[in-house]
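Structural overview for review
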Amino acid sequence: MLEKIEIITRIQDDELYARMKKSAEEEAFGPVSFSSEKDKDGLPHLADTYNRLGGRSDVDFIVFCHDDAVFMEPGWNEKLIDEFKETGADILGVVGTDKYIGGNIFLSGNPNCFGKYATLRQDGKNYVQIASPSRKNKRLQVVDGLFLAVRGDHFKSVKFDESFDELWFYAEDFCLRSNVFLSDILMGHWKPPRLYGKYPDALKPQSDYAERFYTRYGIAPPEEGAWRPKTKCAETPIEDFRRFGQDFIFEKFAQSKGLVHA
């Protein structure tokens, strides 16, 4: 019998959530369940929502997923289950780093960042950002909170820290207390221009949480202005990604840029 998967989301935008849910259902092999909660005060109380809805779930695997994600991998649910069995992971994510140095998870740069995700350009074309060759059984420290697939029995004992009560550090903190691996499934991440760079006016800044988070894990905070990702990624139209594959494209990119990768 196929193990059960539930997708849990805090909804900022109803249109995006409907798109995410439809993509997950259409690309899954077999049934997937959903739980969600809509923003009531306009703030992303992700840790609280995830703990409350995840605490009610009795499935084998929970996917904590943002509403602006898109599922693009046929049979993604079966592939996730296979990856959990192969790796023994507590958490699987689609992009992340094996050397978390604070701030944006991609600050560690090449060769420490791994994975891929699709994005939609303003010209309406899908591109895939590729940070590494494909990897199986790749252990990471932190993955992006866009997509956190979590083993159900792990979530019974390790919850999100609700003191990271809005957008910052909730995923990093959860990952650093877990056994994290890279998933090879393809996810998309995009939103319409009306939502580009839009954060709630009342959203607390990252600095409100930074000192406590960095002290907890003995991490030296990134220097001011170092928030920009340093990862050099291959970028290719999704048609070429499907045709040539992740490894071929990244290898050609790495050779042209003189990069090293593990």
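The structure contained in this document is the topic of the report that follows. (Residues numbered from 1 in each chain as written. Predicted model: local features only at pLDDT ≥ 70, side-chain atom pairs only at ≥ 80, totals over all residues. Heavy atoms only, no water.)

**Things to note about empty space enclosed by the protein**
Tallied over the full model, the rule gives two cavities of 30 Å³ or more. The calculated volume of the largest cavity comes to roughly 40 Å³. Forming the boundary of the largest cavity are Glu-83, Glu-86, Thr-87, Arg-135, Lys-136, Asn-137, Leu-182 and Asp-184. Element by element, the count of residues in the lining of the largest cavity is highest for helix α3 (residues 76–87), at three residues. Tallied by class, the residues present in the lining of the largest cavity amount to one nonpolar, two polar and five charged. There is about 30 Å³ of room inside the second largest cavity. Lining of the second largest cavity is provided by Leu-2, Glu-3, Lys-4, Ile-5, Pro-31, Val-32, Asn-77 and Ile-81. When its residues are assigned to classes, the lining of the second largest cavity shows five nonpolar, one polar and two charged. (1 Å grid on protein atoms, 1.4 Å probe; cavity = no way out; pocket = protein on both sides within 12 Å on 5 of 7 lines; lining within 4 Å. Points joined across faces, edges and corners; volume = space filled by probe spheres on them. Helix = DSSP H or I, 4+ residues; strand = E, 2+ residues; numbered from the N terminus. Nonpolar A, V, L, I, M, F, W, Y, C, P; charged D, E, K, R; others polar.)

**Some words on the pattern of salt bridges**
Within this structure, the stated rule accounts for 15 salt bridges. Note that Glu-3 and Lys-85 form a salt bridge whose closest N and O atoms lie 3.1 Å from each other. Of the two residues, Glu-3 is situated in the segment before β1 (5–11) and Lys-85 in helix α3; the sequence distance between them amounts to 82 residues. The exposure class assigned to Glu-3 is partly exposed, which follows from its relative accessible area of 24%. (Salt bridge = Lys/Arg side-chain N within 4 Å of Asp/Glu carboxyl O. Buried < 20%, exposed > 50% of the residue type's maximum accessible area, 1.4 Å probe, protein only.)

**Brief notes about the sheet that holds strand β2 (residues 33–38)**
Taken in spatial order, the seven strands of this open sheet run β2-β1-β3-β11-β5-β12-β9, and their pairing is mixed. What marks the edges here is a single partner per strand, and that holds for β2 and β9 (139–140). With respect to the sheet, helix α2 (residues 46–56) is in contact with β1, β2 and β3 (61–65), its orientation differing from that of β1 by roughly 145 degrees. (Pairing = 2+ DSSP bridges. Contact = heavy atoms within 4.5 Å. Axes fitted to C-alpha atoms, helices over the stretch in contact; angles between N-to-C directions.)

**Some points on the side chain of Glu-37**
Structurally, the position occupied by Glu-37 is in strand β2. A relative accessible area of 19% means that Glu-37 is categorised as buried. Residues within four places of Glu-37 in sequence aside, it is in contact with Thr-9, Arg-10, Ile-11, Thr-49, Arg-52 and Leu-53.

**A closer look at the nonpolar core**
Side chains that are nonpolar tend, in soluble globular proteins, to be buried together. Ranked by internal contacts, the top residues of the largest apolar core, which has 64 residues, are Ile-7, Trp-76 and Phe-147. Of the residues forming this core, the biggest block, five residues, is contributed by β3. The contacts of Trp-76, once residues within four sequence positions are left out, are Ile-5, Ile-7, Ala-24, Glu-27, Ala-28, Val-32, Val-63, Phe-71 and Ile-185. Counting 14 residues, the second largest nonpolar core, distinct from the first, contains Val-70, Met-72, Val-128 and Phe-253. (Core = buried A, V, L, I, M, F, W, Y, C linked by side-chain atoms within 4.5 Å.)

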